[in-house]
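# Descriptive structure summary
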Amino acid sequence: MQTYKVAVLAGDGIGPEVMVEAIKVLDRVQAQFGFQLEFTEARVGGIAIDVDGRALPESTLKTCEAAEAILFGSVGGPKWESLPPNEQPERAALLPLRKHFQLFANLRPAICYPNLTHASPVKESLIPGGFDVLCVRELTGGLYFGQPKGTHMENGEAVAIDTMVYKQSEIERIAHIAFAAAAQRSGKVTSIDKANVLENGVLWRKTVTEISKQYPTVQLNHLYVDNAAMQLVRNPRGFDVILAENLFGDILSDEMAMITGSLGMLPSASLGTRELANGRFGLFEPSGGTAPDIAGKGIANPIAQILSAAMMLRYAFGQSAAADKIELAVRQAIDRGYRTGDIWSEGCSRVGTREMGDAVVSELGN
Ligand code: NAD
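What counts, and at which threshold
- Starting from 1, residues in each chain are numbered consecutively following that chain's sequence as written.
- Per-residue local features of the predicted model are confined to residues with pLDDT of at least 70, and side-chain atom pairs are confined, for both listing and counting, to 80 or more; whole-chain, interface and lining totals are unaffected and use all residues.
- Side-chain descriptors were evaluated using all non-hydrogen atoms of the structure, hydrogens and water having been removed beforehand.
- Partly exposed residues are those whose accessible area sits between 20% and 50% of the maximum for their type, while under 20% is buried and over 50% is exposed, using a 1.4 Å probe and protein chains only.
- Here a helix means four or more residues in a row that DSSP labels H or I, a strand means two or more in a row labelled E, and each is numbered from the N terminus.
- Think of it this way: DSSP has to see at least two bridges between two strands before they count as a pair.
- Crossover handedness is defined by viewing with both strands directed away from the observer: a clockwise path from the first strand over the helix to the second marks the crossover as right-handed.
- If even one non-hydrogen atom of a residue comes within 4 Å of a molecule or strand, that residue is called near it.
- For the purposes of these results, a polar contact is taken to be a pair of N or O atoms within 3.5 Å, where, inside protein, one atom must be able to donate a hydrogen and its partner to accept one; residues adjacent in sequence count only when each atom of the pair is a side-chain atom.
- The accessible surface values rely on the Shrake-Rupley method and a 1.4 Å probe; as for residues, cover is taken only from the protein chains in view.
- How far each domain reaches was decided by an automatic or database domain assignment.
- Whether two residues are in contact is decided by their heavy atoms, any of which lying within 4.5 Å being enough.
- Buried area: the accessible area, evaluated with a 1.4 Å probe, that two parts lose upon being put together, summed over both parts.
- Criterion for a salt bridge: a side-chain nitrogen of Lys or Arg within 4 Å of a carboxyl oxygen of Asp or Glu.

### As for the pairing of strand β1 (residues 2-11)
A regular strand places its side chains so that they alternate between the two faces of the sheet. Most of β1 sits out of view: 7 of its 10 residues are buried. Inspection of the sheet shows β1 paired to strand β2 (residues 35-41) by 7 bridges, in the parallel sense. Pairing of Val-8 across the sheet is with Glu-41, part of β2. Handedness of the crossover joining β1 and β2 through helix α1 (residues 15-33): right-handed. Taken together, the 5 bridges between β1 and strand β3 (residues 69-74) define a ladder with parallel strand orientation. Paired with Leu-9 across the strands is Phe-72, a residue of β3.

The following block contains the structure:
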């Protein structure tokens with residue numbers, strides 16, 4: 001039987017509560033699809049600071065190295081906010097993990113479910129049936145990392161410099177991720193750049209166009225980033241996969257998350273350079289944080305964590321049918337009216353974290 005090793009890093013706040021539900025869902029599909037997941041739990045974030053003295057203990061890193069995927073909860077909370085910035089849970093755990101595993105591709109689906117369109121800030125008449133857009137963002141290059149970088153004095157005033165740098169090979173590898181993802185979805189990639197102003201944009205557009213020739217079933221179009229920001233709020237249903245460099249992807253993926261109206265339900269994946277038999281090593285986590293205001297109350301929405309687990313099955317292990325089934329089960333649980341407090345509306349059943357997990361498991365069947 002095919003076995004996959006998963007490092008489970010639940011973290012702080014609602015992390016452990018929602019992780020239990022994701023594991024429950026994974027346990028059900030592994031039985032149904034005939035593969036086996038080997039889970040190894042490890043501490044990360046604030047809890048690791050308290051117990052081990054640092055947010056990413058060596059033993060946790062070793063557990064991740066021995067695994068084929070990291071299923072991550074979220075880290076941080078008021079207890080650790082007064083630590084120096086470099087020791088704070090998010091910065092001291094997530095950034096080193098991204099760097100260590102060279103997680104260059106960030107995938108963030110923005111899904112607005114047909115029964116939750118009322119929660120979107122976009123007019124319901126513009127999004128009949130909701131929408132499902134995937135943002136593929138380059139995560140390790142561009143303006144955030146290019147050299148030179150810094151602030152110096154010039155003629156008596158401060159001057160700040162950031163440099164946008166992309167190598168052709170960096171654009172090629174993220175483009176492959178976007179086209180491969182689109183080939184499994186509606187087959188459309190919208191590539192974002194600023195080719196009218198930036199040299200980087202010219203190289204981006206040329207390279208993406210070249211790579212697209214290897215994916216004849218996928219349709220490619222290009223948009224300038226400013227236009228894309230407008231089109232996204234005007235007609236999100238016009239998009240399938242959005243491919244963007246680091247800074248543009250950072251901004252657009254937040255805009256996309258916001259227009260779903262259900263921030264607490266969005267998963268994400270960060271894929272690395274290590275290739276596996278049918279996918280890539282990656283870190284899979286909810287887009288939201290540790291929700292300290294509701295932690296420990298059993299009312300957090302576990303859907304983002306459950307959908308992160310589905311992304312793990314699809315993008316790390318190539319188990320797309322199992323991932324599809326989980327995503328469908330989530331939709332069906334919502335269609336049946338199950339709602340945690342964050343997405344509740346009149347006429348629906350208000351449930352807690354465990355009941356929502358149970359509702360999804362029940363939709364999966366035996
Ligand atoms: P947050 O996402 O934790 O919470 C924002 C709001 O959304 C809160 O009202 C919260 O109750 C709600 N919310 C979030 N997830 C929810 C869920 N699954 N179900 C129901 N409601 C949910 O953001 P924040 O308040 O800015 O940050 C809280 C802590 O989380 C901070 O310490 C921050 O550093 C950390 N954080 C961690 C990550 C990460 O680990 N990747 C990401 C973001 C924030």
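Back to the text.
### Some remarks on the site of the ligand
Every one of the 20 residues lining the ligand counts as a neighbour, but Val-75, Glu-90, Gly-289, Ala-291 and Asn-301 are closest to it. Glu-90 is positioned such that a nitrogen or oxygen atom in its side chain is 2.6 Å from an oxygen atom of the ligand. Between the ligand and Thr-290 there is a distance of 3.1 Å, counted from an oxygen atom to a side-chain nitrogen or oxygen. Out of a free accessible area of 810 Å², the ligand has 66% covered by protein chains.

### Some details on the domain arrangement of the protein
Each assigned domain of the protein is listed here: domain 1 (1-104 + 266-366) and domain 2 (121-260). With 12 residues of domain 1 at the contact, the number on the domain 2 side is 13 residues. Taken together, both faces of the contact between domain 1 and domain 2 bury some 910 Å²; the carbon and sulfur share is 65%. If you sort the residues of domain 1 by the area they bury against domain 2, Phe-104, Leu-266 and Tyr-315 come out on top, with a joint share of 56%. Between Asp-132 and Arg-331 there is a salt bridge, and its shortest N-O distance comes to 3.7 Å. At the boundary of domain 1 and domain 2, one finds 2 residue pairs in polar contact (both at pLDDT 80 or more). Residue assignment for the side of domain 1 that touches domain 2 shows that the elements contributing at least two residues are β11 (267-276), α9 (303-315) and α10 (320-335).

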